Amino acid sequence: MKGDLHVHTTLSDGSLGMEEVIAQAKRLGLDFISITDHDTMSSVSRAKVLGDRYGVQTIAGVELTAWDKVRNRKVHILCYAPQKPDRLEGICRRCSEIRQSCSKETVNNVLKLYPITADDIMKHVSGSKSIFKQHILHALIEHGYSTHFYGKLNDELFNEATGSCIVEKEYPDVNYVLELIHSARGAAVLAHPLVYDSLELLDELAASGKLDGVEVYHYSANEEQQAMLLAKANEYGLIVTGGSDFHGLYNTKPTPLGMYTTDKENIDRILKLCNKK
């Protein structure tokens, strides 16, 4: 038994709708799936209905955006199976508002450089709660300024350190986000620690008992790095998760659904932890 516990849809920055994703999970023989769109839990009810229809068990999830104030950088926290999800509505709304503010300024910067319109971008946003850089790139590709989503143009415009158009603002403190997840009786898992250089943060949060798990199996970590993350998980007694971080057309590299998974033992640990809180 296995599950892909890191999946995005058109509710945030994925290119496929929820039903397409769950149908594909069934074709791939996945037993579990968690839709973890950015800063929204609007997938939960619909995902369960579709999961029941296709015979795939769903775990309520969300990928929350937070801020590591010590190192002044972004961090992503995966929340699974919250028993009181209403307690996360406020943080989801706040993070979405911050992203919308960043997106508005980013779009304005792009429109100053390229003769496209906001409508050209918005048609790719679909049901998403915010505009993501992938939606902007999609419009630029359609108008011939690039032939792919990741490469020179993406780096020039949206590289988080040097991009000419990207706008980033501080999100809620990671410790506050973890407190909210636990108040909602959910499991808090540090997503892809290598993406935002969060290894020191991982040690701090795990040592303090604030973290329940870590995403070990993710395309951002090679085998040696996965072994290092697994050793840390074992040292701190953390739940070990894996997920494809599936975005469909918008993946940074070929990453099909189910490329990385979480085993039954750790899925059971998540569910047991949330049910006993």
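How each quantity is defined
- Residues numbered from 1 in each chain as written.
- Predicted model: local features only at pLDDT ≥ 70, side-chain atom pairs only at ≥ 80, totals over all residues.
- Heavy atoms only, no water.
- Pairing = 2+ DSSP bridges.
- Helix = DSSP H or I, 4+ residues; strand = E, 2+ residues; numbered from the N terminus.
- Axes fitted to C-alpha atoms, helices over the stretch in contact; angles between N-to-C directions.
- Contact = heavy atoms within 4.5 Å.
- Salt bridge = Lys/Arg side-chain N within 4 Å of Asp/Glu carboxyl O.
- Buried < 20%, exposed > 50% of the residue type's maximum accessible area, 1.4 Å probe, protein only.
- 1 Å grid on protein atoms, 1.4 Å probe; cavity = no way out; pocket = protein on both sides within 12 Å on 5 of 7 lines; lining within 4 Å.
- Points joined across faces, edges and corners; volume = space filled by probe spheres on them.
- Nonpolar A, V, L, I, M, F, W, Y, C, P; charged D, E, K, R; others polar.

Participant: Even after reading the chapter, I still don't get the sheet that holds strand β5 (residues 73-80), so can you show me in this structure?
Facilitator: Pairing between sheet strands relies on hydrogen bonds along the backbone, with the strands arranged either parallel or antiparallel. Strand order across the open sheet formed by 5 strands is β4-β5-β6-β7-β8, with mixed pairing between neighbours. Of all strands in the sheet, those with a lone pairing partner are β4 (61-68) and β8 (239-242), marking the two edges. On average, adjacent strands in this sheet sit at an angle of 40 degrees to one another, irrespective of strand direction. Pairing analysis gives 2 bridges linking strand β6 (residues 187-190) to strand β7 (residues 213-217), with the strands arranged parallel. Looking at the pairing, Leu-190 lines up with Val-214 of β7. Sheet contacts for helix α9 (residues 223-236): β7 and β8; angle to β7, the most-contacted strand, approximately 155 degrees. Relative to the sheet, helix α10 (residues 264-276) contacts β5, β6 and β8, its axis offset from that of β8 by approximately 120 degrees.

Participant: What's the story with the pattern of salt bridges in this structure? I'm lost.
Facilitator: Taken as a whole, this structure holds 15 salt bridges when the rule is applied. In this structure, the salt-bridge partner of Arg-73 is Asp-197, at a minimum N-O distance of 3.8 Å. In this pair, Arg-73 is assigned in strand β5 and Asp-197 in the loop between β6 and α8 (199-207), connecting sequence segments 124 residues apart. In this structure, Glu-105 engages Lys-169 in a salt bridge whose closest nitrogen and oxygen atoms are separated by 2.8 Å. Of this pair, Glu-105 sits in helix α3 (residues 89-113) while Lys-169 is found in the loop between α6 (152-158) and α7 (174-183), placing the two residues 64 residues apart along the sequence. What makes Glu-105 partly exposed here is its relative accessible area of 34%. Sharing partners across several salt bridges, the network here consists of Asp-68, Arg-71, Glu-200 and Glu-204.

Participant: Looking at this structure, how should I read the layout of surface pockets?
Facilitator: Any empty space left between the atoms is revealed when a probe the size of a water molecule rolls over them. In this structure, the largest pocket spans a volume of roughly 870 Å³. Lining of the largest pocket is provided by 39 residues; of these, Lys-74, Lys-133, Gln-134, Glu-160 and Tyr-196 occupy positions nearest its centre. For the lining of the largest pocket, the elements supplying multiple residues, two or more each, are β4, β5, α3, α5 (133-142) and α6. It is α3 that provides the largest number of residues to the lining of the largest pocket, a total of 4 residues. Its residues assigned to classes, the lining of the largest pocket shows 14 nonpolar, 16 polar and 9 charged.

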